[in-house]
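Take a look at the letters that make up each chain.
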Amino acid sequence: MGIRRSGKSSLVKVLMRKEEAIWIYIDLRKFEGKNYLNYKDIVQEFEKAINSLPDKLKNLFRGIKGVNISGLEIRFGWDRENKVDMSNVFEKLSEISEKEGKKVIIVFDESQELRKLRGYNLLYPIAYAYDNLKLRFIFTGSEIGMVYKFLKLEDPKSPLYGRAVTEVYINPFSKDMAIEFLKRGFDEVKVKVSDEELEDTYNNLGGIPGWLTYYGFYHIQYKDHKTALEKTILTGVELIREEFKNFLLNRQEAKERYYTIMQVCKQGCRWSEIKRAIEAKEGVRIDDKEVTGLIRNLIDASFLAKEGEIYRPTDALIAKAF
Ligand SMILES: Nc1ncnc2c1ncn2[C@@H]1O[C@H](COP(=O)(O)OP(=O)(O)OP(=O)(O)O)[C@@H](O)[C@H]1O
Ligand SMILES: [Mg+2]
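Residues numbered from 1 in each chain as written. Chains lettered and ligands numbered in written order. Predicted model: local features only at pLDDT ≥ 70, side-chain atom pairs only at ≥ 80, totals over all residues. Heavy atoms only, no water.

### What to know about the packing of helix α11 (residues 255-264) against helix α13 (residues 288-300)
- Here α11 crosses α13 at 75°, and the two axes come no closer than 11 Å. Judged by the inter-axis angle, α11 sits roughly perpendicular to α13. Residue-level contacts link Arg257, Tyr258, Ile261 and Met262 of α11 to Glu290, Leu294, Asn297 and Leu298 of α13.
- Here the contact of α11 with α13 is built from residues that sort into 5 nonpolar, 1 polar and 2 charged. (Axes fitted to C-alpha atoms, helices over the stretch in contact; angles between N-to-C directions. Helix = DSSP H or I, 4+ residues; strand = E, 2+ residues; numbered from the N terminus. Parallel < 35°, antiparallel > 145°, perpendicular 65-115°, else oblique. Contact = heavy atoms within 4.5 Å. Nonpolar A, V, L, I, M, F, W, Y, C, P; charged D, E, K, R; others polar.)

### Let's talk about the site of ligand 1
- Taken together, 15 residues surround ligand 1, and among them Gly7, Lys8, Ser9, Ser10 and Arg29 come closest.
- The separation between an oxygen atom of ligand 1 and a polar side-chain atom of Lys8 is 2.7 Å.
- Relative to its unbound accessible surface of 630 Å², ligand 1 loses 67% to contact with the protein.
- Secondary structure elements with two or more residues in the shell around ligand 1: α1 (8-18) and α9 (209-222).
- In terms of residue class, the shell around ligand 1 is made up of 3 nonpolar, 7 polar and 5 charged.
- Residue-level mapping places the shell around ligand 1 at the junction of two domains, with at least three residues from each of domain 1 (8-151) and domain 2 (175-243). (Near = heavy atom within 4 Å. Polar contact = N/O pair within 3.5 Å; in protein donor to acceptor, adjacent residues only side chain to side chain. Areas by Shrake-Rupley, 256 points an atom, 1.4 Å probe, with all protein chains shown as cover. Domains from an automatic or database assignment.)

### Here's the deal with the UniProt feature "domain: ATPase" (unreviewed entry) in the chain
- UniProt's feature table lists "domain: ATPase" (unreviewed entry) at residues 2-212, given in the numbering used throughout.
- Across residues 2-212 one finds 43% helix and 13% strand; the C-alpha atoms that close the span lie 16 Å apart. (UniProt positions renumbered as here; feature names shortened; annotations may be inferred.)

### Quick look at the pairing of strand β4 (residues 103-109)
- In terms of residue burial, β4 counts as a mostly covered element, since 6 of its 7 residues are buried.
- Pairing of strand β1 (residues 21-27) with β4 involves 7 bridges; the strand directions are parallel. The partner of Ala21 across the bridge, within β4, is Lys103.
- By the bridge criterion, 5 bridges tie β4 to strand β5 (residues 135-139) in an arrangement that is parallel. Within β5, the position partnered with Ile105 by the bridge is Arg136. (Buried < 20%, exposed > 50% of the residue type's maximum accessible area, 1.4 Å probe, protein only. Pairing = 2+ DSSP bridges.)

Put into structure tokens, the structure is as follows:
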């Protein structure tokens with residue numbers, strides 16, 4: 001778990017290289033801009049991941065209902081006539097794990113996207129696998145609160161209720177780490193950057209590895225600190241605006257309110273300031289619970305964080321995007 005561009009996918013990918021296991025990596029980031037996903041979307045992602053396994057493992061999927069193998073290509077059915085059951089896929093992967101004497105680890109990268117899955121509850125096969133099979137799961141997410149809303153570990157009616165998980169949080173680099181990170185990167189490509197410039201970079205971008213990487217990339221391209229910083233900010237602001245639009249996808253009715261909150265909270269704000277700003281804008285009273293709910297959603301999606309009584313953007317560039 002960690003805010004956007006904090007290095008979650010990178011960390012998982014390092015693990016995938018270091019840890020001897022059969023890895024099934026499901027990239028859900030591509031669904032960010034979609035209103036909802038269906039069974040087909042998920043099945044096709046698994047199909048892709050499993051097709052990248054060695055042929056001898058792929059062959060073991062023969063004979064499962066809804067699975068067709070032509071040549072060396074596996075096809076998973078997803079429609080009514082010919083539908084693969086995810087529990088069967090998990091069972092097979094578990095069998096493979098025992099047979100090969102290797103762990104099978106399934107990664108759902110940006111797993112909060114699975115909340116948008118319609119007409120199918122993936123938590124059932126996952127719970128079944130958790131209780132009965134030899135599989136491990138990794139769920140990553142930028143929208144930290146949303147990941148928990150998907151997993152529903154604390155909802156007695158949910159399939160995964162009460163299951164134990166290990167939580168790993170990735171925080172942005174501290175100032176020292178950020179500067180060290182940039183220094184090492186520039187050393188590798190033999191570029192000289194002054195201490196003031198490195199400091200200025202941290203002061204503007206904060207410690208998010210993703211932004212620091214962009215800065216390094218632009219600095220190599222333009223060979224100038226100011227230009228590199230400007231380009232990074234421009235790119236970052238654009239990305240954040242796009243991500244905020246995705247956040248608003250299923251929340252159009254409250255769109256203006258969310259923008260108001262982000263504007264008021266750019267440099268930090270209190271609950272009462274948020275309420276006042278929305279009321280001033282709309283010219284009507286608004287319910288306290290409503291205000292709290294809106295803020296909660298922004299926190300769950302990692303746009304805001306609460307420090308004491310103050311709500312702040314989670315990332316320096318968020319302030320510049322609104
Ligand atoms: N520990 C690290 N050392 C060096 N580079 C890193 C590190 N962590 C992340 N990066 C770089 O930062 C960028 C963002 O990292 P990554 O894509 O892994 O983040 P993420 O948390 O998965 O972000 P997103 O929310 O966008 O999926 C990448 O370009 C990556 O190369
Ligand atoms: Mg990622």
